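# Coordinates in review
In case you want the letters, here they are:
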Amino acid sequence: MADTQDMQDGKNYHLNVPQASTVFPLKGSNALDWGMKNRLARVFSPEDGHTVMLAVDHGYFQGPTTGLERIDITIVPLIPFADALMITRGALRSSIPPEMSKPVVLRSTGGQSILKELSNERITVDIEDAVRLNASALAVQVYIGGVHEHQSIGNLVELVDAGNRHGIPTMAVTGVGKDMVRDSKYLGLATRICAELGAHFVKTYYCETGFARVAAGCPVPLVIAGGKKLPEKEALEMAYHAVNEGAAGVDMGRNIFQCETPKAMIQAVRAVVHGQETPEKAMDLYLSLKTIEEGNQYAK
Ligand code: 5RP
């Protein structure tokens, strides 16, 4: 039966406390709708606006990449240390337990392989399937200056529109062709085009000169890829400089999962991205966690 008495006598209106209007803290995202913001707040920590995304989508064009031969064995134990998982729908459904609670950034373009022209991509996921998989964001490769530049920009625009209909943000990934230089001029051009066309955040590469200008010129959050495996200290330095020069974090793959002690590495990356640790302190942390991880590996 309805509680008609309480309806007549409500008391807790806090008449002296005006209702607050909050500003969404993520760069360039304040005008988005609630569902978009809620999904973005799952990927980027509401405390510091930063993220450590773990990228394991490489198989979509390069097959069983070193470190990803068995995602169920090597990647699942790393998930608790990541803020989000960037992955294809095939790997997600086949190898990741659905009770995992981390947000999924769903690789949604592909259609080529390392044997052919890399920029020749199409959309590979229907938006309904992204909803079904509870994706927190879509990821699309954009090849500015590439052979199929126009087509890849078309993929971005189509996914942004589809995601907008469902409140799912889109991350544009700036794919750099073999003949292109990853300098601030190119990265500034590529990231800005992605943001102007509606990407809600952009994945790009760090460049040693002028990255702060790339980040400032992109009106939405930037995350950096790790690229090829580097010595651990260098990867931590790259993450440190990127965040200090305006990146919102990393979407790192090989520099984590190709490390001999990946749990230690992802925690060291977190110390830089979320804890503002210097690369030296993060390296000390890495070395102490590495000893523990090696001990555990040996015990198995
Ligand atoms: C391609 C990609 C990758 O598949 C991947 O996410 C790159 O991550 P990393 O360079 O850190 O291994 O985005 O451009």
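Scroll up a little and you will see the structure.
Chains are numbered independently. Their residues run from 1 in the order of the written sequence. Confidence filtering applies because this is a predicted model: local features only for residues at pLDDT of at least 70, side-chain atom pairs given and counted only at 80 or more, and all residues used for totals across whole chains, interfaces and linings. Note: side-chain values were computed over all heavy atoms of the structure, leaving out hydrogens and water.

Let's shift gears to the overall build of the protein. In this text, helices come from DSSP runs of H or I with a minimum length of four residues, and strands from runs of E with a minimum of two, each type numbered from the N-terminal end. A tally of regular secondary structure across the protein gives 13 helices and 10 strands. Rg of the C-alpha trace for the protein: 21 Å, near the compact-globule value of 19 Å for 300 residues, within the 12% margin. Its C-alpha atoms give the protein principal-axis dimensions of about 70 × 50 × 40 Å. When the 300 residues of the protein are sorted by exposure, 49% land in the buried category. Once local pairs closer than 6 in sequence are excluded, the contacts in the protein between residues at least 24 apart make up 66%. Here the Shrake-Rupley method, with its probe set to 1.4 Å, supplies the accessible areas, and only the displayed protein chains count as covering residues. Of the roughly 15,500 Å² that the protein leaves accessible, carbon and sulfur atoms contribute 52%. Positive charges are assigned to Lys and Arg, negative charges to Asp and Glu, while His and the chain termini are left out of the count. The location of each charge is read from NZ of Lys, CZ of Arg, CG of Asp or CD of Glu. Computed over 29 positive and 34 negative side-chain charges, the separation of the two mean positions in the protein equals 3 Å. Radius of gyration: over C-alpha atoms. The globule rule applied is 2.2 Å multiplied by the number of residues raised to the 0.38 power. Throughout, exposure labels follow a simple rule: accessible area from a 1.4 Å probe, protein chains only, divided by the maximum for the residue type, with under 20% read as buried, over 50% as exposed, and the rest as partly exposed. Residue contacts are defined here by distance: any two heavy atoms, one from each residue, within 4.5 Å place the two residues in contact.

Only protein atoms enter the 1 Å grid, on which a cavity is a set of points fitting a 1.4 Å probe that cannot get out and a pocket is an open set with protein on both sides within 12 Å along at least 5 of 7 lines, lining residues being those with an atom within 4 Å of a point. Grid points are joined across faces, edges and corners, and a volume is the space filled by probe spheres set on the points. The volume enclosed by the largest pocket comes to roughly 890 Å³. What lines the largest pocket is a set of 37 residues, among which Phe 61, Leu 118, Val 176, Arg 182 and Tyr 205 lie closest to the centre. Elements with a minimum of two residues in the lining of the largest pocket: α3 (59-62), β7 (170-174) and β8 (201-204). Counting residues per element, the lining of the largest pocket draws most heavily on α3, which supplies 3 residues. Gly counts as polar in this scheme, as do all residues outside two lists: the nonpolar Ala, Val, Leu, Ile, Met, Phe, Trp, Tyr, Cys and Pro, and the charged Asp, Glu, Lys and Arg. Among the residues making up the lining of the largest pocket, the classes are represented as 13 nonpolar, 13 polar and 11 charged.

We now examine the site of the ligand. The rule for a residue being near a molecule or strand is that one of its heavy atoms must lie within 4 Å of it. The environment of the ligand is formed by 15 residues, the closest being His 58, Gln 141, Lys 203, Gly 227 and Gly 253. For the purposes of these results, a polar contact is taken to be a pair of N or O atoms within 3.5 Å, where, inside protein, one atom must be able to donate a hydrogen and its partner to accept one; residues adjacent in sequence count only when each atom of the pair is a side-chain atom. Between the ligand and Lys 203 there is a distance of 2.5 Å, counted from an oxygen atom to a side-chain nitrogen or oxygen. Between the ligand and the protein, one listed contact pairs an oxygen atom with a side-chain N or O atom of Arg 254 at 2.8 Å. When isolated, the ligand has an accessible area of 380 Å², and the protein chains bury 95% of it.

At their nearest, the axes of helix α10 (residues 232-244) and helix α13 (residues 279-299) sit 9 Å apart, and the two run at 135° to each other. By the angle class used here, α10 and α13 are oblique. Judged by the twist between their axes, the crossing of α10 over α13 is right-handed. Along its contact with α10, which presents Glu 232, Lys 233, Leu 236, Glu 237 and Tyr 240, the element α13 presents Pro 279, Glu 280, Ala 282, Met 283 and Tyr 286. Structural elements are reduced to axes, namely lines fitted to C-alpha atoms, with helices fitted over the stretch in contact, and the angle between N-to-C directions of any two is expressed from 0 to 180 degrees. For this classification, under 35 degrees means roughly parallel, over 145 means roughly antiparallel, 65 to 115 means roughly perpendicular, and everything else is oblique. In this scheme the handedness of a crossing depends on how the near helix is turned from the far one: anticlockwise by less than a right angle means left-handed, clockwise means right-handed.

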